[in-house]
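Here's the letter readout for the chains.
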Amino acid sequence: MIHILKMKSKNVIYYLSILSIIIISFLFFSYNFYPLLNSDDALNVLMAHYYKLPNDIYCWGQDRGGTLIPLISQLFITVFNLSALTSVSISTYIILTLGFFGFASLIKNKFLKILFAIIWFLPFQRFIDILRFPIGIEYSLIGIAIYFINKIAITHEIKNLKKHLFLIITALTLIISVWVSDLSIITISIVLLSLIAFKFFENKKISIDKTSLLYCFGAIAIGYLFIHFAKEQTPIKSNNYLSINAPYQIKEGLEIIINSFKDVLTFKTNEVLVSIYTYFVIIFTIVFLFYVVKKKLISQLISNKWIIIFIVDCLVIFTTILLSRWVLLNGMGRWYFVASYISLSLAIILSLDNIIIKHKPKLLTISLLIIVIIGAISPLITMKYVRPKTLKPMVEVVGELQTLGEIGVIAEFWNSYIISCRNPELIKVTPHDKSDVRNKEMIEMVFERDKIYIIKDMWMDNFPDTLTQFGHTLIKDSVPFNLGGCDICKYRLTRANN
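Only a predicted model underlies this, so the values are computations on that prediction, with no experimental measurement involved.

A. Main features of the overall build of the protein. For the protein, the count of helices and strands is 19 helices and seven strands. For 498 residues, the compact-globule estimate of 2.2 N^0.38 gives 23 Å, and the C-alpha radius of gyration of the protein, at 25 Å, lies within 12% of that figure. In terms of overall dimensions, the protein has C-alpha extents of about 80 × 60 × 50 Å along its principal axes. When burial is assessed residue by residue, the protein has 49% of its 498 residues classed as buried. The contacts of the protein with a sequence gap of at least 6 include a subset with a gap of at least 24, amounting to 69%.

B. Local environment of the packing of aromatic side chains. In the structure shown here, the tally under the stated rule is 33 aromatic pairs. Centre to centre, the rings of Y147 and F148 are 5.1 Å apart; their planes meet at 85°, and the pair counts as edge-to-face. Taking relative accessible area as the criterion, Y147 reaches 32% and is therefore assigned partly exposed. Taking the centre distance of 5.4 Å and the plane angle of 50° together, the rings of F148 and F166 count as tilted. Of this pair, F148 sits in helix α6 (residues 134-153) while F166 sits in helix α7 (residues 161-180), and the two are 18 residues apart along the sequence. Across the pair, exposure class does not vary: F148 and F166 are buried alike. An aromatic cluster is built from F26, F33, Y93, F100, F101, F103, F116, W120, F121, W306 and F310, whose rings are joined through pairwise contacts. One residue, K110, lies across the ring of Y14, its end atom 5.7 Å from the ring centre.

C. Representation of empty space enclosed by the protein. If you walk through the whole model with that rule in mind, you get one cavity of 30 Å³ or more. By volume, the largest cavity amounts to about 40 Å³. As for the largest cavity, its lining consists of I142, A145, I146, I149, L174, I188, V191 and L192. Where the lining of the largest cavity is concerned, the elements lending two or more residues are α6 and α8 (184-203).

D. Just the side chain of Q469, in detail. Of note, Q469 is situated in strand β4 (residues 466-469). Of note is the side chain of Q469, whose polar atom sits 2.8 Å from the backbone nitrogen of D433. The residues contacting Q469, other than those within four sequence positions of it, are I410, H432, D433, F447, W459 and L474.

E. Quick look at the layout of surface pockets. Taken as a whole, the second largest pocket holds about 1600 Å³ of empty space. Looking at the second largest pocket, it is lined by 49 residues, and the ones nearest its centre are F127, V281, S340, Y341 and L344. For the lining of the second largest pocket, the secondary structure elements donating two or more residues are α10 (247-265), α11 (272-294), α12 (298-302), α13 (305-323), α15 (338-359) and α16 (362-385). By residue number, the principal contributor to the lining of the second largest pocket is α11, which donates ten residues. Its residues placed into classes, the lining of the second largest pocket shows 37 nonpolar, nine polar and three charged.

F. Fine view of α10. Over its 19 residues, α10 extends 27 Å from the first C-alpha to the last, a length consistent with the 27 Å expected when each residue adds 1.5 Å. Immediately beyond the C-terminal end of α10, within one or two residues, lies F267, with a positive phi of roughly 60°.

G. Spotlight on the nonpolar core. Within the largest apolar cluster, 137 residues are counted, with the highest numbers of intra-cluster contacts made by F100, W120, F121, W306, F310 and I419. Counting residues per element, this core draws most heavily on α15, at twelve residues. Dropping the residues within four chain positions of it, I419 is found in contact with V398, L401, V409, I427, I455 and C486. One finds I410, I443, V446 and L467 within the second-largest nonpolar core, a separate group that totals twelve residues.

H. The arrangement of unusual backbone geometry in detail. With an omega of 5°, the peptide bond running from L53 to P54 counts as cis. With omega at 5°, the peptide bond leading from R387 into P388 counts as cis. Secondary-structure assignment places P388 in the loop between α16 and α17 (394-398). Phi at N81 takes a positive value of approximately 60°, unusual for a residue other than glycine. In this fold, N81 is placed in the loop between α3 (68-78) and α4 (84-104). For N81, a relative accessible area of 68% gives the class exposed. The residue M458 is not glycine, and still its phi comes out positive at about 65°. As for its position among the elements, M458 is in the loop between β3 (452-455) and β4.

Quick notes on the rules
Residues numbered from 1 in each chain as written. Predicted model: local features only at pLDDT ≥ 70, side-chain atom pairs only at ≥ 80, totals over all residues. Heavy atoms only, no water. Helix = DSSP H or I, 4+ residues; strand = E, 2+ residues; numbered from the N terminus. Rg over C-alpha atoms; globule rule 2.2 N^0.38 Å. Buried < 20%, exposed > 50% of the residue type's maximum accessible area, 1.4 Å probe, protein only. Contact = heavy atoms within 4.5 Å. Phe/Tyr/Trp six-rings, centres within 6.5 Å; stacked < 30°, edge-to-face > 60°. Lys NZ or Arg CZ within 6 Å of the ring centre and 35° of its normal. 1 Å grid on protein atoms, 1.4 Å probe; cavity = no way out; pocket = protein on both sides within 12 Å on 5 of 7 lines; lining within 4 Å. Points joined across faces, edges and corners; volume = space filled by probe spheres on them. Polar contact = N/O pair within 3.5 Å; in protein donor to acceptor, adjacent residues only side chain to side chain. Nonpolar A, V, L, I, M, F, W, Y, C, P; charged D, E, K, R; others polar. Expected span 1.5 Å × (residues − 1). Core = buried A, V, L, I, M, F, W, Y, C linked by side-chain atoms within 4.5 Å.

Right, dumping it as structure tokens:
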């Protein structure tokens with residue numbers, strides 16, 4: 001009886017810990033509260049508000065980045081009458097939470113599950129984009145699929161309806177993950193091929209369940225047709241998206257990564273916790289590898305297929321990023337490395353989970369806890385003291401423009417869509433005609449407004465008396481002022497040039 005009570009108590013503590021981590025994450029990093037929310041993020045919100053299929057099957061102005069979050073958000077918008085902003089926040093965290101529990105199902109030790117929850121929901125500053133960008137959603141879906149893949153493995157009866165249900169869910173989830181991010185194809189291939197390879201080494205022959213194989217081919221066929229259809233719905237074709245870097249370009253990409261790494265190690269970024277975290281991770285990795293070799297645990301660890309899968313995924317995705325011309329053209333953005341962050345973290349957590357029962361490496365476990373906590377705090381410190389030097393949600397900052405009433409706004413891309421996400425009906429917005437216009441329909445919405453405002457930040461040095469935009473002539477109609485963190489001025493529409 002006492003043992004049962006202790007077990008229940010541990011479960012309560014575990015689930016309360018996970019819930020607390022998720023709530024803290026939501027209150028700092030969801031769309032409603034994130035201080036560094038930008039126009040890229042705002043696209044999800046605006047797409048949820050204006051959602052139309054099949055036009056919006058991919059993110060505006062792209063032939064990639066499936067709009068799963070805006071789609072799910074329709075439930076909260078139409079049924080619960082929530083704003084697009086709140087609906088997108090909730091939808092994102094539902095997928096992230098399901099993904100977490102999918103991956104966590106591979107971990108036995110509850111303390112390590114809690115550590116992984118911190119890594120997942122309160123990530124290190126450099127990988128905070130896991131909570132909003134497609135790669136984080138993609139891996140969440142893969143985590144869900146992995147949960148059902150393991151369920152299928154222990155469901156032996158071919159005619160079992162539960163097995164068929166699990167196969168259908170797995171297939172659909174993986175197809176959706178490819179829709180969300182094309183990069184998913186690589187991870188899915190690694191997972192499936194690795195599972196077949198481990199099965200071969202285990203049985204000394206290739207043994208694939210016929211039912212699973214049938215679903216696999218069916219999923220490939222349906223997935224191909226769906227993705228082909230989805231890409232045909234957009235006239236946009238991304239140049240260099242699938243191009244491979246030449247050797248000198250790979251070197252250029254590596255130099256960008258190395259220089260960024262050097263800046264962190266030498267404290268040049270003025271982010272003390274980011275630098276400390278990096279040093280701790282390096283030391284931890286060296287000590288952990290030494291421990292594994294000293295205790296002769298290598299064979300024990302490589303016998304765990306999921307450890308190998310995540311290590312391979314980390315290396316292959318990292319290599320893919322280095323080879324990608326698209327990533328290089330985007331400055332080797334840190335958001336692309338979220339994939340390797342997830343895989344490497346899972347490999348380390350699963351390795352500790354694998355050896356913790358027999359060897360109890362307390363020092364390693366405590367060290368990892370300290371590293372994870374430093375990583376969790378690092379984004380908050382960076383936001384508070386480096387950029388943007390406040391924890392005030394961005395939607396509250398730009399929300400100040402609501403005092404202007406029903407308006408149209410033209411701005412540089414990064415000061416455009418973000419302005420509208422707090423209240424898309426009240427404020428219509430578009431980037432200027434030389435910027436990255438993602439939705440041309442919104443241009444018309446802007447010019448239908450009686451009051452039109454121009455934001456000059458990152459665009460012009462001053463407000464000209466006359467401005468031509470999208471064939472319309474605008475005349476300066478007020479004294480410039482600052483509102484919502486922007487330099488803004490009212491303009492009057494005089495005529496349209498046909």
